[in-house]
Every structure is written in structure tokens, then in C-alpha cells.
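Listed below, chain by chain, are the residues.
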Amino acid sequence: MILSEGKREGLSLLIKPLIAILMLVCLSVGAFYIVSQHYINTLFQNVEKKYRQDLVNIVSVARHAVEPLLARTRSGEITREEAILQIRKLVRTMTYDDQYGKNYVFMSSYKGAMLVQPFEQEKEMTNQWNLQDARGLYIIRELVKAA
């Protein structure tokens, strides 16, 4: 089928605005995607930064709480064993509620030994190097790496 000259011009006039609209839509979608990805990444980084700061604060509170006992041990006022018992008793009380429910402060050695565990005291003085959370993340390993 051969189009007449007039029909071709009419079709040409229709196609040019459609192409322009299509290009504008593609450009808008692309710009929206880039801006939204930037916003999501920034939001994720801010949330991660807040969680890290919260963790630093909790560790600082725990460290400041046990420091007097460590100082008394260094000065010879109390024995190492007495300090360990008092530190365990103190840290076991450091529980709190957050968005995930009951949470707690625990202490472990850099080699993976669980020193204080308020909710599962049977784990104390056992090797927890391979302890994983619900997502399969190695808890002690990640904390040692962060430290």
C-alpha cells in the first residue's frame, strides 16, 4: 500500500511529537531512578552511621562502668577473680529494650570466649567464635573486626 504525499506528511507530524514525548519519559524515568537511588543510599548510610554510633555509646557506657573495678584490680585492692565476679554481676544488669525487643550488653574476648552473657549464662567461658545471628552473620567475628 502506497501512502499519498499528504498522509505521509500527517504521519510525519504525528511521529515527531510521539518520539519527543517518549524521549522525555525515558529521561524523566532515568532521572527519577538516579535521584531515588542516591536518596536510598544516603538514607542507608545515615541509618548505618546511627547504629554504629549507638553501638559505640553502649560500649562506652559498659567500659566506664567496669573501669573502676579494673583500676581497683590494678592497684591490688581486689583480686582478679573478685573483679571478674563483680564485672559479670554488673554487666548482666546492662539490659535494654530496642526496636528488636530485649537486648543486652555482653563481653567476649578477642579470641571468641564469651566472658559475660546476661540471657544465656551457660555460654559464659565457652568459645563462641562461630556464633551466628539469624542471618548467618558471625557475631563475635564481626565485633572483633569492628573493634
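The structure we're discussing is the one just above.
It should be emphasised that the depicted structure is a prediction, and the values quoted were computed from it without experimental measurement. (Residues numbered from 1 in each chain as written. Predicted model: local features only at pLDDT ≥ 70, side-chain atom pairs only at ≥ 80, totals over all residues. Heavy atoms only, no water.)

A. Region of interest: the overall build of the protein. Tallying secondary structure elements over the protein gives three helices and four strands in all. When the elements of the protein are put in sequence order from the N terminus, they spell out α-α-β-β-β-β-α. Against the compact-globule benchmark of 15 Å for 147 residues, the protein has a radius of gyration of 31 Å, which places it well outside the compact range. Each principal axis of the C-alpha atoms in the protein carries an extent, and together these give about 105 × 25 × 25 Å. The buried share of the protein, reckoned over its 147 residues, is 14%. Pairs at least 24 residues apart make up 30% of the contacts formed inside the protein by residues separated by at least 6 positions. (Helix = DSSP H or I, 4+ residues; strand = E, 2+ residues; numbered from the N terminus. Rg over C-alpha atoms; globule rule 2.2 N^0.38 Å. Buried < 20%, exposed > 50% of the residue type's maximum accessible area, 1.4 Å probe, protein only. Contact = heavy atoms within 4.5 Å.)

B. Quick look at the pairing of strand β2 (residues 101-104). Note: strand β1 (residues 95-98) against β2, four bridges, orientation antiparallel. Bridged to D97 within β2 is K102. Counted along the chain from β1 to the antiparallel partner β2, the turn is two residues long. (Pairing = 2+ DSSP bridges.)

C. Fine view of the nonpolar core. With 10 residues, the main nonpolar core is built from A62, V66, L69, I78, A83, I87, V91, M94, V105 and V116. Elements supplying a minimum of two residues to this core: α1 (5-74) and α2 (80-92). Those residues within four positions of A83 in sequence are excluded, and the remaining contacts are L69, T73 and I78. (Core = buried A, V, L, I, M, F, W, Y, C linked by side-chain atoms within 4.5 Å.)

D. Region of interest: the environment of Q86. Its location among the elements puts Q86 in helix α2. On the accessibility criterion, Q86 (32% relative accessible area) is partly exposed. Along the chain, Q86 and Y110 lie 24 residues apart, while their C-alpha atoms are 21 Å from each other. With residues near it in sequence (within four places) discarded, Q86 still touches L69 and R72.

E. Structural detail: the packing of aromatic side chains. Inspection of the entire model under this criterion finds two aromatic pairs. A centroid spacing of 5.8 Å and a plane angle of 55° characterise the contact between Y104 and F106, whose relative ring orientation is tilted. Taken together, a centroid distance of 4.9 Å and an interplanar angle of 65° make the contact between Y104 and F119 edge-to-face. Highlighted residues: Y104 in strand β2 and F119 in the loop between β4 (114-116) and α3 (139-146), separated in sequence by 15 residues. Owing to a relative accessible area of 22%, Y104 belongs among the partly exposed residues under this scheme. On the accessibility criterion, F119 (41% relative accessible area) is partly exposed. Every member of this aromatic cluster is reached through a ring pair, and the members are Y104, F106 and F119. (Phe/Tyr/Trp six-rings, centres within 6.5 Å; stacked < 30°, edge-to-face > 60°.)

F. Up close: the pattern of salt bridges. Enumeration over the complete set of coordinates arrives at 10 salt bridges. Two residues, E67 and R63, come together in a salt bridge whose shortest N-O distance is 3.0 Å. A residue pair is termed a helical-turn pair when its members lie 3 or 4 positions apart in one helix, as E67 and R63 do in helix α1 at four residues. Each of R63, E67 and R74 takes part in one network of salt bridges that share partners. (Salt bridge = Lys/Arg side-chain N within 4 Å of Asp/Glu carboxyl O.)

Keep in mind these values describe shape, not function.
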